[in-house]
Amino acid sequence: MTDFTHFGLELALLRAIKELGFEKPTPVQSKVLPLLMKGTEDVVALAQTGTGKTAAYGLPLVQLTDPANPATQALILCPTRELCLQITKDLNGFAKYIPEIRILAVYGGASISEQIRVLKRGAQIVVATPGRMNDLLRRKSAKLDAVASIVLDEADEMLNMGFQEDVETILKEMPETVRKLMFSATMPRQVAAIAGKYMHEPEEITIGQRNSGSENISHEYYMVHAKDRYLALKRIVDFNRNMYAIIFCRTRADTQEVAAKLMADGYPADALHGDLTQDQRDRVMKKFRNRAIQLLVATDVAARGLDVTDLTHVINYELPDEARGYTHRSGRTGRAGKEGVSIVIVNLREEYKIGYIERLIKQKFVHKQIPSGQEVCVSQLRGLIERLQQVDLRDAAIKPFMPIVAEALAAMPPDEVVKRCILLEFNRFLSYYKDAPDLNQGQRPAGGHERSRTRTDHTLVKLEINLGARNGLTPAELIGVINRATPGPQLRIGRIQITEHISQFEVAGEAARDLAHAMSQASYNNRKITARLAR
Ligand code: AMP
């Protein structure tokens, strides 16, 4: 199928998407659109943001909405205000030529009375965050009895952000006949459980490999001493000229700190996090979209809903708490057929996390070396030369001034003029990177940049299991469980902490992954064990 005309979409929609520049359906659209346009079955689609999923469900929802009926006919739940607004904007774009369809965004943090007022006037499609939707239901301000379709968008994120109860309450309020559609980048157990509990034999659609990162994204990591993290970031940014990137930090404070340092160091950067007012956030996002800033330092939550398709890089200045969060971050690059690079900066104690992520995304990371001062300078110099070569000499405006230049520089040999011009720009880098130290930590991998897979990691890491004292677990019993799960020589076990419900213990980083996996296959006192990295 090569264009949108085969799906049975009405002309008003075809005209709108043509104006939006959609020519060919994306893979998720090719699979989901026909299903939603026909049939009535529930659908679970594994698709990341940036794949065109909003149109995949949005176009059929708009078409199936009766403009003459003011009742709410479709409900879309999504995790954040930004995404809520983005989806609403997209749907309004699709419905541009069906003005009778009203699409309303409802989300927390904004006046509920205003949202109630608009709801009362009637909105056939409501896009909501689960918490606010629940509020509206409790106040009896939203009526869902005519809803024919409910979409859970970014279901994994919604549950991650603690919306499980709200989502379930809303699902229970739905009319019997409602059609349920779920979109999720990953399918963790919690999400599968919701599908199992509330959906009726859903049609499952996977775009690309389950849980895999996009094919267009290469994954790289750099290993540095924790104290050198910022310096490493600067080198990476200086080496990769013209970077257009989101730099992810875990906390608001870190976001602020890194952005402030970058700005003080003269980079076109700014911070995006939840402490900003909505106005400030909108301003930062706008500057980033216009490329007035090229480095956006953001928390995961704040960056969601930011619709930027052509990032060259995503930088994990700090890894997210959960490996799964990495897919969301890296999926922000490598979109719309473009190549993208997802970079992780880790310290020695965090390197084992790379292995977890590799398993999740089913792709290997390349262990890259932080460029030396010399390498950064060469890269910058090349950039400068490229810019010189691109200067348009046909620009007549300079002509009247040339005699002044010729006279002033008459005594200077041409090669000196060139040298001085270059140094004018380049001195900043030369002096900064003169005697710059090697920031790389760990062994330099042999044979190019590939990571040595046989490294030994003696750092202790903490694992956690779902059983504790109330299951009869004692330190000695726990050691027994660990030993039974590990054939071969006994592991060195560090500190053990057993609380009522869970237990934590330390083991060598090199063994942690396999041990967690092996323990998760085992049981203790008839209780299945779940082992994972402790936070
Ligand atoms: P989404 O995954 O829904 O967030 O969409 C990602 C971006 O791709 C949005 O900016 C859409 O406007 C755009 N998009 C969606 N479908 C198409 C298409 N078939 N052709 C071109 N762009 C599209």
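Note that this is a predicted model, so its numbers are computed, not measured.

Cut-off values and rules
Residues numbered from 1 in each chain as written. Predicted model: local features only at pLDDT ≥ 70, side-chain atom pairs only at ≥ 80, totals over all residues. Heavy atoms only, no water. Near = heavy atom within 4 Å. Polar contact = N/O pair within 3.5 Å; in protein donor to acceptor, adjacent residues only side chain to side chain. Areas by Shrake-Rupley, 256 points an atom, 1.4 Å probe, with all protein chains shown as cover. Nonpolar A, V, L, I, M, F, W, Y, C, P; charged D, E, K, R; others polar. pLDDT = per-residue confidence, 0-100. Contact = heavy atoms within 4.5 Å. Pairing = 2+ DSSP bridges. Helix = DSSP H or I, 4+ residues; strand = E, 2+ residues; numbered from the N terminus. Axes fitted to C-alpha atoms, helices over the stretch in contact; angles between N-to-C directions. Parallel < 35°, antiparallel > 145°, perpendicular 65-115°, else oblique. Left-handed = near helix turned anticlockwise from the far one by under 90°. Phe/Tyr/Trp six-rings, centres within 6.5 Å; stacked < 30°, edge-to-face > 60°. Buried < 20%, exposed > 50% of the residue type's maximum accessible area, 1.4 Å probe, protein only. Domains from an automatic or database assignment. Salt bridge = Lys/Arg side-chain N within 4 Å of Asp/Glu carboxyl O.

## Topic: the site of the ligand
Alright, step 1. By nearness alone, 13 residues border the ligand, and Lys24, Gln29, Gly50, Gly52 and Thr54 come closest of all.
Alright, step 2. Here lysine 53 contributes a backbone N or O atom positioned 3.4 Å from an oxygen atom of the ligand.
Alright, step 3. Summarising the interface, the protein chains cover 77% of the accessible area of the ligand, which totals 500 Å² for the free molecule.
Alright, step 4. Split into classes, the residues belonging to the shell around the ligand amount to three nonpolar, seven polar and three charged.

## Things to note about the confidence of the model for the chain
Where the model shows low pLDDT, its predicted coordinates should not be examined in detail.
Alright, step 1. Residue-level pLDDT values for the chain average 87, and 94% of them are 70 or greater.
Alright, step 2. Every residue in residues 209–213 scores below 50 in pLDDT, and together they form 15 contacts with partners more than four places removed in sequence or on other chains.
Alright, step 3. Per-residue pLDDT stays below 50 along residues 444–457; that stretch engages in 26 contacts with residues further than four places along the chain or on separate chains.

## A word on the sheet that holds strand β3 (residues 103–106)
Each strand in a sheet pairs with another by means of backbone hydrogen bonds, the pair being arranged parallel or else antiparallel.
Alright, step 1. Pairing is parallel across the open sheet formed by seven strands, whose spatial order is β3-β4-β2-β5-β6-β1-β7. Either end of the sheet is taken by a strand with one partner, and the two such strands are β3 and β7 (203–206). Strand-to-strand twist of the sheet, defined as the mean angle between neighbouring strand axes without regard to direction, takes the value 15°.
Alright, step 2. The pairing of strand β2 (residues 74–77) with strand β4 (residues 125–128) spans four bridges and is classified as parallel. Residue pairing across strands places alanine 74 opposite isoleucine 125, the latter belonging to β4.
Alright, step 3. Docked against the sheet, helix α2 (residues 27–37) engages β1 (43–46), β6 (179–184) and β7, running at close to 160° with respect to β7.
Alright, step 4. Contacts from helix α5 (residues 112–121) reach β3 and β4, with the element oriented near 155° to β3.

## Let's talk about the packing of helix α10 (residues 229–239) against helix α11 (residues 252–264)
Alright, step 1. For the pair α10 and α11, interaxial distance at closest approach is 12 Å and the crossing angle is 50°. Classified by the angle between their axes, α10 and α11 sit oblique to one another. The handedness of the crossing between α10 and α11 is right-handed. Each of Tyr230, Leu233 and Lys234 in α10 lies in contact with α11, whose residues at this interface are Val258, Lys261 and Leu262.
Alright, step 2. For the contact of α10 with α11, a count of residues per class yields four nonpolar, no polar and two charged.

## Looking at the packing of α5 against helix α6 (residues 130–138)
Alright, step 1. Put simply, α5 and α6 touch, their axes get as near as 11 Å, and they point 65° apart. One element, α5, and the other, α6, form an angle in the roughly perpendicular class. In this structure, α5 crosses over α6, and the sense of that crossing is right-handed. Residue-level contacts link Ile112, Gln115, Ile116 and Leu119 of α5 to Arg132, Asp135 and Leu136 of α6.
Alright, step 2. Partitioning the contact of α5 with α6 into residue classes produces four nonpolar, one polar and two charged.

## Brief notes about the packing of aromatic side chains
To describe a pair of aromatic rings, you give the distance between the ring centres and the angle between the ring planes.
Alright, step 1. Applying the stated rule across the entire model yields nine aromatic pairs.
Alright, step 2. Pairing tyrosine 57 with phenylalanine 183 gives two aromatic rings, centres 5.1 Å apart and planes at 50°, and the pair type is tilted. Taken together, the residues span a long stretch of sequence, with tyrosine 57 in helix α3 (residues 53–64) and phenylalanine 183 in strand β6 at a distance of 126 residues. Residues tyrosine 57 and phenylalanine 183 agree in their burial class; the two are buried.
Alright, step 3. Taking the centre distance of 4.7 Å and the plane angle of 35° together, the rings of tyrosine 244 and phenylalanine 288 count as tilted.

## Describing the domain arrangement of the chain
Alright, step 1. If you check the domain split of the chain, you get domain 1 (4–206), domain 2 (217–372), domain 3 (374–433) and domain 4 (453–533).
Alright, step 2. For domain 3 and domain 4, the distance between their C-alpha centres works out to 62 Å.

## With respect to the pattern of salt bridges
Alright, step 1. The full count for this structure, using the stated rule, is 22 salt bridges.
Alright, step 2. Two residues, glutamate 19 and lysine 96, come together in a salt bridge whose shortest N-O distance is 2.6 Å. One end of the pair, glutamate 19, is in helix α1 (residues 11–19); the other, lysine 96, is in the loop between α4 (81–94) and β3, and 77 residues separate them in sequence.
Alright, step 3. Judged by relative accessible area, which is 44%, glutamate 19 ranks as partly exposed.
Alright, step 4. The residue aspartate 300 makes a salt bridge to arginine 329 at a minimum N-O spacing of 2.7 Å. Here the residue aspartate 300 occupies a position in helix α13 (residues 300–303), and arginine 329 occupies one in helix α14 (residues 323–330), the gap between them amounting to 29 residues.
Alright, step 5. Residues participating in the shared-partner salt-bridge network are Arg81, Glu82 and Arg281.

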